[in-house]
Amino acid sequence: MNFEWSAFFDSIPNLLGGARVTVMVALVSLPIGLLIGTIVGIILTYGHKSIRLIAQCYVGLIRGTPMIVQIMFIFFAVPVLLGVRLSGLSAGILALVVNSSAYLAEIVRGGLLAVPKGLQEAGLAMGLPMHRVISSIVGPVAFRRMLPALGNQFIVGLKDTSLLIVIGVGELTRTGQEIMTDNYRAVEVWFAVGLLYLVIISVMTSVFKFIERAGRIS
Amino acid sequence: MSFLEFSGVAKRFGPVEVLKNINLTVDQKEIVFIIGASGSGKSTLLRCINVLETITEGDLIVDGLSVRGTRRDIRRIRLEAGMVFQQFNLFPHLTALENVMFGPLKVRGSSRGEARDLAEQLLVKVGLGDRMANYPSQLSGGQQQRTAIARALAVKPRMMLFDEPTSALDPELRHEVLGVMRQLADEGMTMIVVTHEMKFARDVGTRLLFLEGGTVLHDGEPKLLLADPPSERLSSFLRHVH
């Protein structure tokens with residue numbers, strides 16, 4: 001077959017529009033997911049038994065069901081249950097927040113558990129209350145160790161936005177699908193789509209590398 | 001009133017009774033050394049003082065405050081009792097200077113300038129004036145432990161608790177740490193030291209406790225107890241340490 005460069009280049013402007021949606025959805029939902037994941041992770045590690053059980057159920061429920069089911073549930077079932085209307089975009093963002101927070105919570109828990117117990121004791125022995133031991137000592141030490149795993153989860157999260165295709169969000173994968181049904185140039189279009197994901201994820205990887213370097217203890 | 005007052009203190013971990021009916025008073029400026037075999041309860045006894053362990057029975061008063069008191073009482077006890085750990089436990093993400101500034105900034109509410117002045121002064125005192133910008137990973141064990149002592153002193157405690165401060169150190173690095181401790185003792189700091197350094201205990205201590213099976217078997221003058229052990233248990237323990 002011949003690779004039709006014009007089909008490749010013609011698809012780029014539209015695909016960039018889709019890429020913008022992909023990046024926007026990820027940029028909004030993953031930081032919120034990290035915030036919730038951090039809170040849930042702290043509860044999983046230090047929380048009182050009863051509240052810890054709730055957090056465990058949350059994580060278990062999210063990790064125990066496919067993300068595509070969660071997307072469908074939030075877009076189609078939640079409006080029925082609550083009598084509200086959700087746009088595809090907001091349902092998608094919500095799904096990604098909920099889904100990523102559960103995985104991020106486990107990363108946070110793992111990071112906190114990996115900090116030697118002695119650091120916590122050193123903070124407590126100075127007269128610091130527990131919440132400040134976590135925020136000033138255990139948290140910062142754990143965060144540095146969690147960065148590779150967090151970066152990994154952010155990459156997974158960004159790629160998970162492609163699942164929003166099923167509820168009609170015009171992100172990168174959906175845009176590619178639309179162009180292909182129009183011009184039937186599968187090779188050129190999916191090549192371009194893949195390339196754009198690669199570029200976005202490379203940028204994200206560099207940002208995480210930068211943060212890791214900035215926090216390195218030399 | 002005594003600075004420390006143990007009355008009928010017991011500590012159990014599940015079915016294991018680590019401390020049994022401890023009755024003990026310690027006055028200010030005493031330098032108390034605690035020795036005993038591993039598992040005799042000496043570290044637990046120390047850790048009950050600053051409530052890293054909660055006691056199961058009895059009461060323990062530290063400078064007028066009970067370890068069974070409110071959270072606020074417990075934090076006040078901890079401000080009065082600086083602790084030095086076997087594994088140093090320096091904060092790895094902070095430099096030596098920042099480690100020592102941490103207490104004044106976070107628990108004493110000092111300004112950055114005050115905290116820095118005090119930290120620099122203490123690091124010079126422990127002989128690390130040229131190591132302030134180093135992270136713990138860039139310091140030797142002896143340097144780390146001296147930084148940890150400076151960090152504890154920066155909170156301005158009225159008493160220092162040492163939990164086997166030299167046990168994780170190479171023999172040639174121990175004297176650095178012991179030198180700093182001796183200086184503190186000379187300055188009149190109240191100190192409670194869990195250790196295996198018998199010679200140091202004899203030279204610096206004003207009092208020696210020998211723990212055995214969770215009870216204080218001997219309590220007396222270090223020089224006398226070590227020169228002439230009153231029990232077969234203590235003399236056999238001393239033979240095994242040397």
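Above: the structure in question.
Residues numbered from 1 in each chain as written. Chains lettered and ligands numbered in written order. Predicted model: local features only at pLDDT ≥ 70, side-chain atom pairs only at ≥ 80, totals over all residues. Heavy atoms only, no water.

(A) Region of interest: the overall build of chain B. When helices and strands are tallied, chain B shows nine helices and 10 strands. Against the 2.2 N^0.38 benchmark of 18 Å for 242 residues, chain B shows a C-alpha radius of gyration of 18 Å, consistent with a compact globule. Seen along its three principal axes, the alpha-carbon backbone of chain B occupies a region of about 50 × 45 × 35 Å. In chain B, once contacts between residues fewer than 6 apart in sequence are set aside, the share between residues at least 24 apart is 65%. Only carbon and sulfur atoms are counted for the fraction: they give 47% of the accessible area of chain B, which is about 10,200 Å². For chain B, the separation between the mean place of its 30 positive charges and that of its 29 negative charges on side chains is 5 Å. (Helix = DSSP H or I, 4+ residues; strand = E, 2+ residues; numbered from the N terminus. Rg over C-alpha atoms; globule rule 2.2 N^0.38 Å. Contact = heavy atoms within 4.5 Å. Areas by Shrake-Rupley, 256 points an atom, 1.4 Å probe, with all protein chains shown as cover. Lys, Arg positive; Asp, Glu negative; His and termini not counted. Charge placed at Lys NZ, Arg CZ, Asp CG, Glu CD.)

(B) Fine view of the packing of aromatic side chains. Enumeration according to the criterion identifies 12 aromatic pairs over all chains in this entry. A centroid spacing of 4.7 Å and a plane angle of 65° characterise the contact between phenylalanine 3 of chain A and tryptophan 5 of chain A, whose relative ring orientation is edge-to-face. Of note, arginine 151 of chain B hangs over the ring of phenylalanine 91 of chain B, and the distance from its end group to the ring centre comes to 4.5 Å. (Phe/Tyr/Trp six-rings, centres within 6.5 Å; stacked < 30°, edge-to-face > 60°. Lys NZ or Arg CZ within 6 Å of the ring centre and 35° of its normal.)

(C) Representation of the interface of chain B and chain A. Of the residues lining the interface, 23 residues belong to chain B; the matching set on chain A comes to 19 residues. Summed over both sides, the interface of chain B with chain A buries roughly 1,900 Å², with 68% coming from carbon and sulfur. The largest contributions to the chain B side of the interface with chain A come from Arg78, His93 and Lys106 of chain B, which together make up 29% of the buried area. On inspection of chain B and its partner chain A, the count reaches one salt bridge. With its nearest N and O atoms 2.6 Å apart, the salt bridge here joins arginine 47 of chain B to glutamate 121 of chain A. Our count for the chain B to chain A interface comes out at four residue pairs in polar contact (both at pLDDT 80 or more). Broken down by secondary-structure element, the contributors of at least two residues to the side of chain B that touches chain A are α2 (71-80), β6 (81-84) and α3 (96-106) of chain B. (Buried area = accessible area lost by both parts, 1.4 Å probe. Salt bridge = Lys/Arg side-chain N within 4 Å of Asp/Glu carboxyl O. Polar contact = N/O pair within 3.5 Å; in protein donor to acceptor, adjacent residues only side chain to side chain.)

(D) Molecular detail of the pattern of salt bridges. Residue and element names in this part refer to chain A. Tallied over the full model, the rule gives 20 salt bridges over all chains. One salt bridge connects glutamate 4 with arginine 185, and the closest N-O pair in it is separated by 3.8 Å. Of this pair, glutamate 4 sits in the segment before α1 (5-46) while arginine 185 sits in the loop between α7 (172-183) and α8 (186-214), placing them 181 residues apart in sequence. Here glutamate 178 and arginine 174 are joined by a salt bridge, their closest N and O atoms 3.3 Å apart. Separated by four residues within a single helix, glutamate 178 and arginine 174 lie in helix α7, roughly one turn from each other. Given a relative accessible area of 44%, glutamate 178 falls into the partly exposed group. Among the ionic contacts, a cluster of salt bridges with common partners joins Glu4, Arg185 and Glu188. (Buried < 20%, exposed > 50% of the residue type's maximum accessible area, 1.4 Å probe, protein only.)

(E) The nonpolar core, seen in detail. Counting residues in each nonpolar core, the largest one holds 90 residues, and the members touching the most others are Leu4, Phe6, Ile49, Leu60, Met159 and Ile192 of chain B. If we skip the residues at most four places from it in the chain, leucine 4 of chain B touches Leu24, Thr25, Val26, Ile49, Leu60, Ile61, Val62, Met159 and Ile192 of chain B. (Core = buried A, V, L, I, M, F, W, Y, C linked by side-chain atoms within 4.5 Å.)

(F) Highlighting a nonpolar patch on the surface. Residue and element names in this part refer to chain A. There is a patch of nonpolar side chains on the surface, built from Met24, Val28, Ile32, Leu35, Ile36, Ile39 and Leu89 and spanning about 540 Å² of accessible area. With six residues, the single largest contributor to the nonpolar patch is α1. Among the secondary structure elements, isoleucine 36 is positioned in helix α1. On the basis of relative accessibility, which here comes to 31%, the residue isoleucine 36 falls in the partly exposed class. (Patch = residues over 30% accessible without salt bridge, like charges linked within 9 Å, V, L, I, M, F, W, Y side chains within 5 Å.)

(G) Inspection of the pairing of strand β2 (residues 16-26) of chain B at higher detail. Residues and elements named next belong to chain B. Two strands pair when backbone bridges link them, and strand β1 (residues 4-13) and β2 are joined in this way by seven bridges, in the antiparallel orientation. Across the sheet, the residue bridging to phenylalanine 13 is valine 16, located in β2. Two successive antiparallel strands, β1 and β2, enclose a turn made up of two residues, where glycine 14 displays a positive phi of approximately 60°. (Pairing = 2+ DSSP bridges.)

(H) The side chain of glutamine 144 of chain B, seen in detail. Inspection of the secondary structure puts glutamine 144 of chain B in helix α5 (residues 141-154). Contacts of glutamine 144 of chain B, omitting those with residues within four sequence positions, involve Phe88, Leu90, Pro136 and Leu139 of chain B.

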